[in-house]
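Take a look at the letters that make up each chain.
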Number of protein chains: 2
Amino acid sequence: MLETRLDLDRIRAACRVIDPQFLHTPMYQCEALGRRLGCTVSIKLETANPVRSFKARGTELVTSLLTEQGRTAAVCASAGNLGQALGWSGRRRGLDVTVVASRRAPLAKLDRIRTLGAELELVDGDIETARERAASIAQQRGIRLVEDSLDVETCEGAATIGLELASARTSFDAVLIALGGGAMATGVGYVLKSLLPAVEVICVQPMGAPALTRSWHERRVITTESTDTIADGVAGRYPIPEVLDDLLAVADDAVLVQESSIVAGIRMLMEHTGLVVEPSAALGVAAVLENRDRFADRHIVTIICGSNVDMNAYHHWVYQ
Amino acid sequence: MLETRLDLDRIRAACRVIDPQFLHTPMYQCEALGRRLGCTVSIKLETANPVRSFKARGTELVTSLLTEQGRTAAVCASAGNLGQALGWSGRRRGLDVTVVASRRAPLAKLDRIRTLGAELELVDGDIETARERAASIAQQRGIRLVEDSLDVETCEGAATIGLELASARTSFDAVLIALGGGAMATGVGYVLKSLLPAVEVICVQPMGAPALTRSWHERRVITTESTDTIADGVAGRYPIPEVLDDLLAVADDAVLVQESSIVAGIRMLMEHTGLVVEPSAALGVAAVLENRDRFADRHIVTIICGSNVDMNAYHHWVYQ
């Protein structure tokens, strides 16, 4: 029995409250990409939905619970994707949503949060500054603070991806999961370790934002002073102790990748799969590029977790 | 009762033999694209699968019937997507597949046909030349000729998209379908006219390859001397009489669009949905761009039917 905060029955039950358009996402083998990477590659595609990321699996769960409790408002800090997802799920259920984000977040993400009708507050500083501000708004207004990765619903929502992977008709050897706050990694990892323990759960983080990966390796929370990565969606500095504990229970490995590999991954995903992805979604491909021997001839699944990207930055990565 | 060659019960039965990874494809609203087009836009995404087009729905059906009949080989002419799909479905069932294509077909499509293990024969000329050559190979070798749009299985396979549209949880006013040989248009159109007769079925073809659209308007087969369009997947010159009859029974309209609108559609789909598409898949957006008034404030569904595109050409369309 895995010792985590997550619960398989609750995760199964979550599927009943998540809007079906976020569930049963495509999973398919991409031979063209696999040939370039020297292994069998399957894609689990989390971007073909109204918010273009996996985050709505979690916010659907959170907001359905809030509605049950008669709450009418919520606030979150977000690098961009959680804010969109909470905006979408909140609008659907008539909740007032406030999102706090860094002024440096991709404009595409900020624009899309606004058009969903959420109140957007920008802060100087990074996601950690936004987290502090969101907490203070929650306290001032007496509304629910949605904390990505700390709130177990965000992990258990993401964990429904794991249920789908576990019921796939083809077997696979390893799953590569972008590691940011840890909701997706602990969620998917927990389900796979519960149902398919032989599958290797590998978390991937940028070298420029290594806090949680370092923490996992040293088995204690390690923070960093700053981050420096194009993968804005996974650039935290203060790992959450409870999330680290869960990650220690479910992850087989956590690796760091270079920025140049992330860019190469973005390009390969465009070239060989026809997918425009945000940098976080290219972390899995980047990990294979940096360690081809490890994955040679194995069947890996990489979760394409988001595609909210500023097109100017994207064009620059793809063509410069 | 619609008078066509298609049959709703057979279409429902087809879902049982088509590999599930080609079924229940994502359908979701894209608000960012809708804002630019002045209407509500839902995408039906047919590219998140191993062959990156809807064509495997048909080839899964064809090859399962061939296997039942104890056949071991098949040949088709293809603009590229049918060849990949037949290659994929044939390989899965141990059939020898030969594909005849134009030497001018996109290299990406030709490469992917080869890597699936199909025998690829290239002809000078266009898809109509390839059709003649495929027929002669079938006769010489005594093997099954798979004729796109003429073989009812290719239409009924594509028609399973219509079943999914008809069971969508949100209602919509019109569906925009790329018109080439007519398999997708007659298939999807037949199901929608059977189950949701109020939904407008609108076929879209490039002005540079107008044969079937003109034929539909004049209610008789009209051929053209040549084609001139970037939308290689829909560039036929000789409409098939049986297909025209079906199309006359199920389509509400058939419109032609300019090349510049197709390019604009490709760009908008990249910019606002993060999807790399081949030109045929942008025909629906192109049709809205050319007649915004017609679609204003309505809910349209556009089928993103394929993403097999040469990246050099794609970059040229997007950036020049």
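On a predicted model such as this, the values are computed, not experimentally measured, just so you know. Per-chain numbering applies: the sequence of each chain, read as written, is numbered from 1 onward. Just so you know, chain letters begin at A and ligand numbers begin at 1, following the order they were written in. Note on the predicted model: pLDDT of at least 70 is required for a residue's local features to be given, and 80 or more for side-chain atom pairs to be given and counted; whole-chain, interface and lining totals, by contrast, use all residues.

Observations regarding the overall build of chain A
Applicable threshold: Helix and strand definitions here come from DSSP, where helices need a minimum of 4 consecutive H or I residues and strands a minimum of 2 consecutive E residues; each element is numbered from the N-terminal end. C-alpha atoms define the radius of gyration, and 2.2 Å times the number of residues to the power 0.38 defines the globule rule. Between the buried cut of 20 or more and the exposed cut of 12 or fewer other C-beta atoms within 10 Å of a residue's own C-beta lies the partly exposed class, and all C-beta atoms are placed from the backbone. The contact criterion used here is simple: two residues whose C-beta atoms, placed from the backbone, lie within 7 Å are in contact.
Broken down by element type, chain A carries 14 helices and 10 strands. A compact globule built from 320 residues would reach a C-alpha radius of gyration of about 20 Å, and chain A, at 18 Å, matches this within 12%. Seen through its C-alpha atoms, chain A measures out along the principal axes to roughly 55 × 45 × 40 Å. Within the span of chain A, comprising 320 residues, buried residues form 59% of the whole. Counting contacts in chain A only where the partners sit at least 6 residues apart, residues at least 24 apart contribute 75% of the total.

Some points on the sheet that holds strand S6 (residues 144-146) of chain B
Residue and element names in this part refer to chain B. Filter applied, for reference: Strands were regarded as paired on the criterion that DSSP finds at least two bridges between them. Comment: axis = line fitted to C-alpha atoms, over the contacting stretch for helices; angle = value between 0 and 180 degrees taken between N-to-C directions.
Taken together, the four strands give an open sheet; going across it, the order is S5-S4-S3-S6, and neighbouring strands pair in parallel fashion. Of all the strands in the sheet, just strand S5 (119-123) and S6 have a single pairing partner and so form its edges. Adjacent strand axes in the sheet meet at a mean angle of 20 degrees, parallel and antiparallel pairs treated alike. Pairing of strand S4 (residues 96-102) with S5 involves five bridges; the strand directions are parallel. In the sheet register, Val100 faces S5, and the bridge partner there is Glu121. Contacting strand S3 (73-77), S4 and S6, helix H4 (residues 81-93) runs over the sheet at an angle of about 170 degrees to S4.

Section: the domain arrangement of chain A
Residue and element names in this part refer to chain A. This is how the line gets drawn: Domains are outlined according to an automatic or database domain assignment. Throughout, the ten residues Ala, Val, Leu, Ile, Met, Phe, Trp, Tyr, Cys and Pro are labelled nonpolar, Asp, Glu, Lys and Arg are labelled charged, and all others, Gly among them, are labelled polar.
You can read the domains of chain A as domain 1 (8-50 + 152-319) and domain 2 (56-146). Computed from C-alpha coordinates alone, the two centres of domain 1 and domain 2 are separated by 23 Å. The interface of domain 1 with domain 2 comprises 26 residues on the first partner and 22 residues on the second. Here the element with the most residues in the side of domain 1 that touches domain 2 is helix H7 (residues 152-166); it accounts for seven residues. For the side of domain 1 that touches domain 2, the per-class residue count stands at 11 nonpolar, nine polar and six charged.

Thoughts on the interface of chain B and chain A
Contacts between the two partners involve 22 residues from chain B and, on the opposite side, 22 residues from chain A. Only strand S1 (27-29), helix H2 (31-37), helix H5 (107-115) and helix H11 (259-273) of chain B provide two or more residues apiece to the side of chain B that touches chain A.

A look at the pairing of S3 of chain B
Residues and elements named next belong to chain B. To keep it simple, the criterion reads: Assignment of crossover handedness uses the view with strands pointing away from the viewer, where a clockwise path from the first strand over the helix to the second indicates a right-handed crossover.
Along S3, four of the five residues are buried, which leaves the element largely enclosed by surrounding structure. The pairing of S3 with S4 spans five bridges and is classified as parallel. Of the residues in S4, the one forming a bridge with Cys76 is Val99. Handedness of the S3-H4-S4 crossover: right-handed. Relative to S6, S3 runs parallel, the two sharing three bridges. Among the inter-strand pairings, Val75 is bridged to a residue of S6, identified as Leu145.

Concerning the sheet that holds strand S4 (residues 96-102) of chain A
Residue and element names in this part refer to chain A. The parallel open sheet is built from four strands, whose spatial order is S5-S4-S3-S6. Bordering the open sheet on either side are strand S5 (119-123) and strand S6 (144-146), each of which pairs with just one other strand. Neighbour-to-neighbour, the strand axes of this sheet turn through a mean angle of 20 degrees, independent of strand direction. Helix H4 (residues 81-92) rests against strand S3 (73-77), S4 and S6 of the sheet, and its axis sits at about 170 degrees to S4.

Digging into the pairing of strand S7 (residues 174-178) of chain A
Residues and elements named next belong to chain A. Counting buried residues along S7, five of its five residues qualify, which places the element largely inside the surrounding structure. Burial along S7 is two-sided: the face carrying Ala174, Leu176 and Ala178 and the face carrying Val175 and Ile177 are both buried. Both S7 and strand S8 (residues 200-206) contribute to a ladder of five bridges, which runs parallel. Residue pairing in the sheet places Ile177 in a bridge with Cys203 of S8. At this point the chain moves from S7, through helix H8 (residues 183-195), to the parallel S8, and the crossover so formed is right-handed. Here S7 pairs with strand S10 (residues 299-304) via three bridges, running parallel. Following the sheet pairing, Val175 is matched in S10 by Val301.

Focus: the relation of the copies chain B and chain A
One copy of the chain maps onto the other through a rotation about an axis followed by a shift along the same axis. The condition is simple: A least-squares fit on C-alpha atoms brings the copies together, and the residues used are those whose pLDDT is at least 70 in both copies.
Placing chain B over chain A gives an RMSD of 0.0 Å and needs a rotation angle of 180 degrees, together with 0.0 Å of translation along the axis. This pairing of chains is accounted for by a two-fold axis. Minimal C-alpha distance to the rotation axis in chain B is attained by Leu275 of chain B, lying at 3.0 Å. Looking at the interface residues of chain B, 100% of them are also at the interface in chain A, so both copies use one shared face.

Focus on the packing of helix H7 (residues 152-166) of chain B against helix H8 (residues 183-195) of chain B
Residues and elements named next belong to chain B. Spelled out, the test is: We call two directions roughly parallel when the angle between them is under 35 degrees, roughly antiparallel when it is over 145, roughly perpendicular when it lies between 65 and 115, and oblique otherwise. A crossing counts as left-handed when the near helix is turned anticlockwise from the far one by less than a right angle, and as right-handed when that turn is clockwise.
At a closest axis distance of 7 Å, the pairing of H7 and H8 adopts a crossing angle of 40 degrees. Between H7 and H8, the crossing angle belongs to the class labelled oblique. Crossing hand, H7 versus H8: right-handed. Of the residues in H8, those touching H7 at Thr154, Cys155, Glu156, Ala158, Ala159, Ile161, Gly162, Leu163, Leu165 and Ala166 are Ala183, Met184, Thr186, Gly187, Val188, Tyr190, Val191, Leu192 and Leu195. Here the contact of H7 with H8 is built from residues that sort into 14 nonpolar, four polar and one charged.

Side note on the environment of Thr67 of chain B
Residues and elements named next belong to chain B. Looking at where Thr67 falls in the secondary structure, it is placed in helix H3 (residues 56-68). With 17 C-beta atoms counted inside 10 Å, the residue Thr67 sits in the partly exposed group. Each C-alpha atom, one on Thr67 and one on Leu110, is 25 Å from the other, the two residues being 43 residues apart in sequence.

A word on the nonpolar core
Where we set the bar: Each nonpolar core consists of buried Ala, Val, Leu, Ile, Met, Phe, Trp, Tyr and Cys residues. Their C-beta atoms, within 7 Å, join them into a set.
Ranked by internal contacts, the top residues of the largest apolar core, which has 225 residues, are Val175 and Ile177 of chain A together with Val175 and Ile177 of chain B. Contact partners of Val175 of chain B, with chain neighbours within four places excluded, come to Leu165, Val188, Leu192, Val199, Val201, Ile202 and Val301 of chain B.

As for the environment of Ser136 of chain A
Residue and element names in this part refer to chain A. Within the fold, Ser136 resides in helix H6 (residues 127-141). What makes Ser136 partly exposed here is the crowd of 13 C-beta atoms within 10 Å. For the pair Ser136 and Val255, spaced 119 residues apart in the sequence, the C-alpha separation amounts to 34 Å.

Some points on unusual backbone geometry
All names here are of chain B. Non-glycine residue His24 carries a positive phi angle of around 50 degrees. By the element assignment, His24 lies in the loop between helix H1 (8-14) and S1. Using a count of 14 C-beta atoms within 10 Å as the deciding quantity, one classes His24 as partly exposed.

Concerning H7 of chain A
Note the threshold: The length a helix should cover is 1.5 Å for every residue beyond the first.
Between the first and last C-alpha of H7 of chain A there are 20 Å, a value that for 15 residues agrees with the 21 Å anticipated at 1.5 Å per step. Among the 15 residues that make up H7 of chain A, 13 are buried, leaving the element largely enclosed by the rest of the structure.

A few points about the environment of Thr40 of chain B
Residues and elements named next belong to chain B. By secondary structure assignment, the location of Thr40 is in strand S2 (residues 40-45). In this structure Thr40 comes out as buried when scored by C-beta crowding, with 20 C-beta atoms within 10 Å. Considered as a pair, Thr40 and Ala178 are 138 residues apart in the sequence and their alpha carbons are 19 Å apart.

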